[in-house]
Amino acid sequence: MEQRRVRKAVLPVAGWGTRFLPATKAMPKEMFPIIDKPVIQFIVEELLDAGVENAIFVTGRHKRPIEHHFDINTDLERHLEEAGKEEILENIREISHMINPIYVRQKQQLGLGHAVLTAEPAVGSEPFIVSLGDIILEKGSENIKKMLSLYNRFERSVIALFEVPEEEVGKYGIAKVREIEDDVLLIEDLVEKPSPEEAPSNLAIVGRYIFTPRIFHKLRDTKPGKGGEIQLTDAMKLLLEEEAIYAYRIEGKVYDTGNPLDYLKTVFEFALRREDIGEELLSFMTRLISKQSQLIDKP
Ligand code: UTP
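Residues numbered from 1 in each chain as written. Predicted model: local features only at pLDDT ≥ 70, side-chain atom pairs only at ≥ 80, totals over all residues. Heavy atoms only, no water.

So, on to the overall build of the protein. Each helix and strand in the protein was counted, giving 11 helices and 13 strands. What you see for the protein is a C-alpha radius of gyration of 21 Å, in line with the 19 Å of a compact globule of 299 residues. Its C-alpha atoms give the protein principal-axis dimensions of roughly 60 × 55 × 40 Å. Evaluated residue by residue, the protein yields a buried proportion of 46% over its 299 residues. Intrachain contacts of the protein at a sequence separation of at least 6 include 76% that bridge at least 24 residues. Element-wise, carbon and sulfur atoms account for 50% of the exposed surface of the protein, whose accessible area totals about 16,300 Å². (Helix = DSSP H or I, 4+ residues; strand = E, 2+ residues; numbered from the N terminus. Rg over C-alpha atoms; globule rule 2.2 N^0.38 Å. Buried < 20%, exposed > 50% of the residue type's maximum accessible area, 1.4 Å probe, protein only. Contact = heavy atoms within 4.5 Å. Areas by Shrake-Rupley, 256 points an atom, 1.4 Å probe, with all protein chains shown as cover.)

Right, let's talk about the pairing of strand S10 (residues 184–192) for a bit. The pairing of strand S9 (residues 173–181) with S10 spans 8 bridges and is antiparallel. What sits directly across from Ile174, in S10, is Val191. For S10 and strand S12 (residues 245–249), the ladder comprises 2 bridges, and the chain directions are antiparallel. Across the sheet, Leu186 pairs through a bridge with Tyr246, a residue of S12. (Pairing = 2+ DSSP bridges.)

What follows is about the site of the ligand. The ligand sits among 19 residues. The nearest are Gly17, Thr18, Arg19, Glu30 and Gln106. The side chain of Lys29 places a nitrogen or oxygen atom 3.0 Å from an oxygen atom of the ligand. Contact between the ligand and Glu30: an oxygen atom at 2.8 Å from a side-chain N or O atom of the residue. When isolated, the ligand has an accessible area of 560 Å², and the protein chains bury 84% of it. Of the residues in the shell around the ligand, the class split is 8 nonpolar, 7 polar and 4 charged. (Near = heavy atom within 4 Å. Polar contact = N/O pair within 3.5 Å; in protein donor to acceptor, adjacent residues only side chain to side chain. Nonpolar A, V, L, I, M, F, W, Y, C, P; charged D, E, K, R; others polar.)

Here we take up empty space enclosed by the protein. A probe as big as a water molecule, rolled over the atoms, marks out the empty space that is left. The final tally for this structure, using the stated rule, is 2 cavities of 30 Å³ or more. Within this model, the largest cavity holds a volume of roughly 90 Å³. Tallied by class, the residues present in the lining of the largest cavity amount to 5 nonpolar, 6 polar and 4 charged. By volume, the second largest cavity amounts to about 40 Å³. (1 Å grid on protein atoms, 1.4 Å probe; cavity = no way out; pocket = protein on both sides within 12 Å on 5 of 7 lines; lining within 4 Å. Points joined across faces, edges and corners; volume = space filled by probe spheres on them.)

Let's shift gears to helix H10 (residues 260–273). Since the α-helix turns once every 3.6 residues, residues separated by three or four places project in the same direction. Over its 14 residues, H10 extends 20 Å from the first C-alpha to the last, a length consistent with the 20 Å expected when each residue adds 1.5 Å. Residues of H10 that are buried include every one of Tyr263, Thr266, Val267, Phe270 and Ala271, and no others. Taken down its axis, H10 places every buried residue within 125° of arc, on the same side. (Expected span 1.5 Å × (residues − 1). Arc of directions from axis to C-beta.)

To continue, consider helix H9 (residues 232–240). Within H9, the full set of buried residues consists of Leu232, Thr233, Ala235, Met236, Leu239 and Leu240. An end-on view of H9 places all buried positions within 160° of arc, on one side of the element. On its buried face, H9 sits against helix H5 (112–118), strand S8 (157–163), S10, strand S11 (203–211), helix H8 (214–221) and S12.

Here it is as structure tokens:
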């Protein structure tokens, strides 16, 4: 019987992370900590909270730490048990049992579209979520749940969008949309990294998607684009010729952790909100900023 419910999520984590070299030479950027929790765990928790338990990771060389993170570490557990560190032990055990992952290897980093296509044998012919491994959403599971309900209503692909400042449209895939009813948007066109003059809107593709399995056919038909990479946006454009694609406007903030500046902004924002370290960090930063501005003010 054809599976119509969305049960699986694909998490592409095989990229080189060149914007973060040399840190990413041997360590996946998806494992970078937001204080003490790796980015990828936020993304897995978002899926679990939305009721999606089957995670398919598209991995590559140097991505083993991701596999270890979601695996059982008996030595560590024994050590924590003997040291009487109950609270952290419970947390570590919870992570090991969070998901039953499937790991698929992308042998060559031929782009995001290619990474998604690599997951086809594990997805099969059913609808699925794609969550990028370096984007955290403030209201993660709430957004996924709303995307799922749009999917359940129309049984068509749903792409998450968020508003970006006009001067930043050139960094993203931008969508032209038509509102067909309150909060229900249809995608009319997609443009990759347009200039502000060419951009049909300021709604950018954000890294959360639900696809019908038809996308796999379109990915196979997609010719390599810039840098020889198979672009997911190009396959989405082909899909658009055949099927409607709905858009969903993300609620809350979007945190990009894939480049040093945005990663640091994310870490500071999350740290300032923490009860255990927030206050002290704020006073440290206030002192630092005032010292820095005194230096700048000096002739
Ligand atoms: P990015 O473009 O942000 O990742 O892709 P990247 O290519 O690793 O980063 P830079 O540009 O070199 O700094 C978004 C997500 O898609 C994955 C990445 O791991 C990331 O989580 N990806 C990208 C793949 O899995 N395979 C690819 O071939 C490309």
